[in-house]
Amino acid sequence: MSGLLAKRLAQQVTELRSNPDNKRCFNCESLGTTYYVPQFSIFVCTSCSGIHMQFGHRVKSVTLADYKADEVEHMKEGGNQVAAYRYLARYTPDKDLRKPVDRNPQRVRIWIQTVFIDKRFYSADAPVPRRSQEGSGASTPAALTSPAGSLRRSSSSREGSLAGPLPATLSAPVPAAAVAAASRGVTLPSSASSPPVRDMRDLLGDRATALHVGPKLSNEQASSSAGTSRASSVSGLPPTPAAGAAQPSPR
């Protein structure tokens, strides 16, 4: 292999590892992948790579090892996202084995045994998104997300699902008079429930009294008239004329 070809293949491997799904370990999701497992075409961290070797899986360093052209092509067709579609096709986070995100070696060992050895969640018929190659790298359509990626983004998607348009009754403008009355603690009657205004004569008929406007009384005359009216209402006698008032002539 020529030096120019080896350099180009190493650059392609670096670009494939920079893919968002390949930046995190397939097993524990820790940030920073340093090894590649060709048997499953996944990127893992240093700690998980040692546990894969305990199961007899071949691992290769992403930055130090040399890769052949066919290995790079296999890496383009695989990666953590495609492996999640196949090996986690029937995986349910709420019911099945939890991912060893705490990086506990025993839990990582159980996870690798369950996922890759026993293939409990594996499906050979699982739909895998096609990859469109651009230059030396590979990309996946943004509309398709892997099961592993959907687990990390499920909480954020639920938060935005409650938003929606407001009902028409809530979005209707509020009259300015109602806003001013509410600020003063006054409740305005509804226009639908307010009775129509009627004339006093319609309500009382002939008993309605007319309003007479006379000369303005002084303070003494007004108080004297008020006291006489109250006394007459209590005793039932006609009011006594005030002092100095003209007396009616007897008939």
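The shown structure was predicted, so the numbers you read here are calculated from the model rather than taken from an experiment.

1. Re the overall build of the protein chain
- When helices and strands are tallied, the protein chain shows 10 helices and five strands.
- At a minimum sequence separation of 6, the contacts of the protein chain that also span at least 24 residues come to 59%.
- Of the roughly 17700 Å² that the protein chain leaves accessible, carbon and sulfur atoms contribute 55%.

2. Thoughts on the sheet that holds strand S3 (residues 60–61)
- Taken together, the three strands give an open sheet; going across it, the order is S2-S1-S3, and neighbouring strands pair in antiparallel fashion. The outermost strands of the open sheet, each flanked by one partner alone, are strand S2 (42–44) and S3.
- Where strand S1 (residues 35–37) and S2 come together, three bridges link them in antiparallel fashion. Considered in S2, the bridge of Val37 is made with Ile42.

3. A look at the pattern of salt bridges
- The tally for this structure, following the rule as stated, stands at five salt bridges.
- Lys60 is the partner of Glu71 in a salt bridge, and the nearest nitrogen-oxygen pair spans 3.0 Å. Here Lys60 lies in strand S3 and Glu71 lies in helix H3 (residues 69–77), a separation of 11 residues in the sequence.
- Under the relative-accessibility criterion, Lys60 is labelled buried at 10%.
- Overlapping salt bridges, with partners in common, bring together Arg58, Lys60 and Glu71 in one network.

4. A short note on the environment of Leu97
- Tracing the chain through its elements places Leu97 in the loop between helix H4 (80–87) and helix H5 (105–117).
- With a relative accessible area of 29%, Leu97 lands in the partly exposed category.
- Along the chain, Leu97 and Trp111 lie 14 residues apart, while their C-alpha atoms are 7.6 Å from each other.
- If sequence neighbours within four positions are ignored, Leu97 has contacts with Tyr91, Ile110, Trp111, Thr114 and Phe121.

5. Thoughts on the state of the cysteines
- A full pass over the atoms with the stated rule returns zero disulfides.
- No disulfide involves Cys45; its sulfur sits 3.6 Å from the nearest other cysteine sulfur, which is in Cys48.
- With a relative accessible area of 3%, Cys45 lands in the buried category.

6. Looking at the nonpolar core
- Core analysis: the largest hydrophobic core is formed by 22 residues, its most contacted members being Phe26, Ile42, Cys48, Leu88, Val115 and Phe116.
- Element by element, the count of residues in this core is highest for H5, at five residues.
- Setting aside residues no more than four positions away along its own chain, Cys48 makes contact with Cys25, Asn27, Cys28, Val108 and Ile112.
- In terms of nonpolar packing, the next biggest core, distinct from the first, is built from nine residues, Leu9, Leu16, Phe43 and Met75 among them.

7. Re the confidence of the model for the protein chain
- Within the protein chain, residue pLDDT values average 72, and 51% of them lie at 70 or more.
- Under a pLDDT of 50 for its full length, residues 132–146 has, in the predicted model, 32 contacts with residues more than four places off or in other chains.
- Low pLDDT, under 50, characterises residues 148–172; the stretch is placed with 10 contacts to residues that sit more than four places away or in other chains.

8. A word on the packing of aromatic side chains
- Tallying each qualifying case throughout the model produces nine aromatic pairs.
- Considering the side-chain rings of Tyr91 and Phe121, the 5.1 Å spacing of their centres and the 70° angle between planes classify their relative orientation as edge-to-face. Here Tyr91 is found in the loop between H4 and H5, whereas its partner Phe121 is found in the loop between H5 and strand S4 (132–134), with 30 residues between them in sequence. Residues Tyr91 and Phe121 agree in their burial class; the two are buried.
- Aromatic rings pair up to connect Phe26, Phe40, Tyr87, Phe116 and Tyr122 into one cluster.
- The ring of Phe26 has Lys99 sitting right over it, with the charged end atom 5.3 Å from the ring centre.
- Above the plane of the ring of Tyr122 lies Lys119, whose end atom (NZ or CZ) is 5.1 Å from the centre.

Rules used in this analysis
- Counting starts from 1 at the beginning of each chain's written sequence and moves along it residue by residue.
- Local features in this predicted model are restricted to residues of pLDDT 70 or higher, and side-chain atom pairs are both shown and tallied only at a pLDDT of 80 or more, whereas totals for entire chains, interfaces and linings draw on every residue.
- The side-chain values count all of the structure's non-hydrogen atoms but skip hydrogen atoms and water molecules.
- Only DSSP runs of H or I reaching four residues or more are called helices, and only runs of E reaching two or more are called strands; each is numbered from the N terminus.
- Any pair of residues with heavy atoms lying within 4.5 Å of one another is described as a contacting pair.
- Note on areas: Shrake-Rupley, 1.4 Å probe, and residue coverage restricted to the protein chains presented here.
- At least two DSSP bridges between two strands are needed for those strands to be called paired.
- Whenever a carboxyl oxygen of Asp or Glu lies within 4 Å of a side-chain nitrogen of Lys or Arg, that contact is scored as a salt bridge.
- Here's how the labels work: a residue is buried when its accessible area is under 20% of the maximum for its type, exposed when over 50%, partly exposed in between, all with a 1.4 Å probe on protein chains only.
- Two cysteine sulfurs form what is called a disulfide whenever their separation falls within 2.5 Å.
- By nonpolar core we mean a set of buried residues, namely Ala, Val, Leu, Ile, Met, Phe, Trp, Tyr and Cys, connected to one another through side-chain atoms within 4.5 Å.
- For every residue, the predictor assigns a confidence score, pLDDT, that lies between 0 and 100.
- Note on aromatic pairs: the rings of Phe, Tyr and Trp (six-membered ring only in Trp) are paired at centre separations within 6.5 Å, and the planes decide the class, stacked below 30 degrees, edge-to-face beyond 60, tilted for the rest.
- For a ring to carry a charge above it, either NZ of a lysine or CZ of an arginine must fall within 6 Å of the ring centroid while also lying within 35 degrees of the normal to the ring plane.

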